[in-house]
Amino acid sequence: MSPWKLAYHSGMSAKSDLRAAVDIGVPVGVVATLLDVNKTILVLPRHLDRGGFAFIDSGAFTAFQKGEPVDWAKVFRVYESVIQMTDRPEGLSIVAPDVIGDQVLTIALWVEHAASVRAWIDAGARVIIPLQSGELSAGRLLEKAKSIFGTDRLCAGIPSNLKAMTAEDCSTLYHSDFHILGRVIMTDELELKMSALRQNNPGATYTADANWLRARTHKITCAVEPRLPNPHGIPQDSPRTRAVKKVLAAEAYHYG
C-alpha cells in the first residue's frame with residue numbers, strides 16, 4: 001500500500017507533457033521558472049478547478065546544480081498567478097524559498113519573504129517549507145518557521161536524500177503535514193526516514209513528488225505514433241501528448 005496521500009508526477013512543465021497529465025487527471029508537478037502565462041492563468045487553474053492537484057517547485061535545486069541564482073520574483077509571480085486564477089487553491093502545493101544545503105541562508109530568505117509566504121497560506125495554498133540541515137534540528141527549524149510565518153499551517157518539506165536529512169533528524173519532527181521532496185518510489189534510505197516520521201506522527205498527511213518522465217523517456221519515445229489525419233481541422237493532441245497519455249495510463253504513480 002502506498003504511504004502517500006498524493007504522489008505528484010513532476011517533470012511536466014513542457015506544453016505537450018502538461019496537457020497529457022491534466023487530461024489524464026493525475027497530480028501534476030511543474031517548475032515555476034519553466035511556465036509561461038498560458039500555463040499559469042489557464043492550464044493549471046483549470047486543472048485545479050476540476051478538482052485536480054498541482055505541485056509547483058521553485059526550481060531552487062536545479063539552480064543549485066547549475067550554480068545559478070534563483071529568480072525569486074519570477075517564481076513568486078507564477079505562484080500568485082495560479083493562486084489568483086483558481087477557485088480551488090487548496091489543491092495547489094508550492095515550495096517556499098530556500099537555499100539548498102544552507103540552513104542559515106534559507107532562514108534569511110524566510111524572514112525576507114515572510115509576508116509573501118503568509119499571503120499564499122492565507123489564500124488557501126499549501127506551502128511546503130524545505131527543512132535544510134544545519135545547526136538546528138529539523139524539529140527546531142520547523143518551529144522557527146512557524147514563528148517567522150506566524151502560523152502552523154505549513155507543510156514540512158523533507159529532502160529525500162539521506163545526506164540532506166537523516167532519519168535521526170526526522171525523529172525530531174512533530175507535525176501534521178509532510179512532503180518528501182524528489183522521491184516517490186520507496187528506497188531503504190527513504191524507508192528509514194518514513195519510519196522515523198510515522199513513529200511520532202502516525203496520523204499525519206504524507207505526500208511526495210518525483211520526476212515521472214525521466215525514467216520513461218524511452219517508453220514514451222517508442223509510444224509516439226504519427227500524427228492522425230485531420231481533414232476537418234479539428235484540434236487534436238500532438239503525437240507526444242498521446243504517447244505520454246498512453247504511458248501514464250499504464251504507469252502513473254500509486255497513491256491514496
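In case you missed it, the structure is sitting above this.
Residues numbered from 1 in each chain as written. Predicted model: local features only at pLDDT ≥ 70, side-chain atom pairs only at ≥ 80, totals over all residues. Heavy atoms only, no water.

Trainee: If you had to explain a nonpolar patch on the surface to someone new, which residues and values would you point to?
Mentor: Nonpolar side chains collect at one region of the surface, where Val-37, Ile-41, Leu-42 and Met-85 lie side by side and expose about 320 Å² of accessible area between them. Take the nonpolar patch: its biggest share by element is 3 residues, from helix 2 (residues 37-49). With respect to the element layout, Ile-41 can be found in helix 2. (Patch = residues over 30% accessible without salt bridge, like charges linked within 9 Å, V, L, I, M, F, W, Y side chains within 5 Å. Areas by Shrake-Rupley, 256 points an atom, 1.4 Å probe, with all protein chains shown as cover. Salt bridge = Lys/Arg side-chain N within 4 Å of Asp/Glu carboxyl O. Helix = DSSP H or I, 4+ residues; strand = E, 2+ residues; numbered from the N terminus.)

Trainee: Give me the lowdown on the environment of Gly-67, citing residues and values where you can.
Mentor: In this fold, Gly-67 is placed in the loop between helix 3 (60-66) and helix 4 (72-85). As for Gly-67 and Glu-251, which are separated by 184 residues in sequence, their C-alpha atoms are 33 Å apart.

Trainee: An account of the side chain of Thr-40 is needed here, citing residue identities and associated values.
Mentor: Considering the arrangement of structural elements, one finds Thr-40 in helix 2. A polar atom in the side chain of Thr-40 sits 3.1 Å from the backbone oxygen of Val-37. Here the side chain of Thr-40 touches Ser-81 through a polar contact of 3.5 Å, side chain to side chain. The residues touching Thr-40, leaving out its near neighbours within four places in the chain, are Leu-35, Pro-45, Val-78, Ser-81, Val-82 and Met-85. (Polar contact = N/O pair within 3.5 Å; in protein donor to acceptor, adjacent residues only side chain to side chain. Contact = heavy atoms within 4.5 Å.)

Trainee: An account of the nonpolar core is needed here, citing residue identities and associated values.
Mentor: Among soluble globular proteins, nonpolar side chains are generally buried collectively. One finds Ile-56 and Leu-131 to be the most contacted residues of the largest nonpolar core, which totals 78 residues. Among the elements that make up this core, the one with the highest residue count is helix 4 (7 residues). Ignoring anything within four residues of it in the chain, the contact list for Ile-56 reads Val-30, Val-31, Ala-32, Leu-44, Val-78, Tyr-79, Val-82, Leu-92, Ser-93, Ile-94 and Val-95. (Core = buried A, V, L, I, M, F, W, Y, C linked by side-chain atoms within 4.5 Å. Buried < 20%, exposed > 50% of the residue type's maximum accessible area, 1.4 Å probe, protein only.)

Trainee: Pulling in residues and values, what's your account of the state of the cysteines?
Mentor: This structure, assessed with the given rule, holds 0 disulfides. Here Cys-170 stays free of any disulfide, with the sulfur of Cys-155 as its closest cysteine sulfur at 13 Å. On the basis of relative accessibility, which here comes to 0%, the residue Cys-170 falls in the buried class. (Disulfide = S-S within 2.5 Å.)

Trainee: Describe the packing of helix 5 (residues 103-112) against helix 7 (residues 138-149), listing the residues and the values that go with them.
Mentor: Here helix 5 crosses helix 7 at 20°, and the two axes come no closer than 10 Å. If you check the angle between helix 5 and helix 7, you find them roughly parallel. Every pair of crossing elements has a handedness; the one defined by helix 5 and helix 7 is right-handed. Facing helix 5, whose interface residues are Gln-103, Ile-107, Trp-110 and Val-111, helix 7 presents Leu-141, Lys-144, Ala-145, Ile-148 and Phe-149. For the contact of helix 5 with helix 7, the class distribution of residues is 7 nonpolar, 1 polar and 1 charged. (Axes fitted to C-alpha atoms, helices over the stretch in contact; angles between N-to-C directions. Parallel < 35°, antiparallel > 145°, perpendicular 65-115°, else oblique. Left-handed = near helix turned anticlockwise from the far one by under 90°. Nonpolar A, V, L, I, M, F, W, Y, C, P; charged D, E, K, R; others polar.)

Trainee: Describe the pattern of salt bridges, listing the residues and the values that go with them.
Mentor: Using the criterion set out here, one finds 14 salt bridges in the structure. Here Glu-143 ties to Lys-146 by a salt bridge, and the two come within 3.2 Å at their closest N and O atoms. Placement of the pair is Glu-143 and Lys-146 together in helix 7, with a separation of 3 residues, close to one helical turn. A relative accessible area of 16% means that Lys-146 is categorised as buried. Each of Arg-19, Asp-23, Asp-237 and Lys-245 takes part in a single network of salt bridges with overlapping partners.

Trainee: Can you break down the packing of aromatic side chains residue by residue, with the values?
Mentor: Evaluation of the coordinates by the stated rule reveals 7 aromatic pairs. Ring centres 6.5 Å apart and planes at 35° place the aromatic pair Phe-61 and Phe-64 in the tilted group. Of the two residues, Phe-61 and Phe-64 are both situated in helix 3; the distance of 3 residues between them amounts to about one turn of the helix. A relative accessible area of 45% places Phe-61 in the partly exposed class. Arranged with centres 5.9 Å apart and planes meeting at 55°, the rings of Trp-110 and Phe-149 form a pair that is tilted. Here Trp-110 is found in helix 5, whereas its partner Phe-149 is found in helix 7, with 39 residues between them in sequence. A relative accessible area of 2% places Phe-149 in the buried class. Members of the aromatic cluster, each reached through a chain of ring pairs, are Trp-72, Phe-76, Tyr-79 and Trp-120. (Phe/Tyr/Trp six-rings, centres within 6.5 Å; stacked < 30°, edge-to-face > 60°.)

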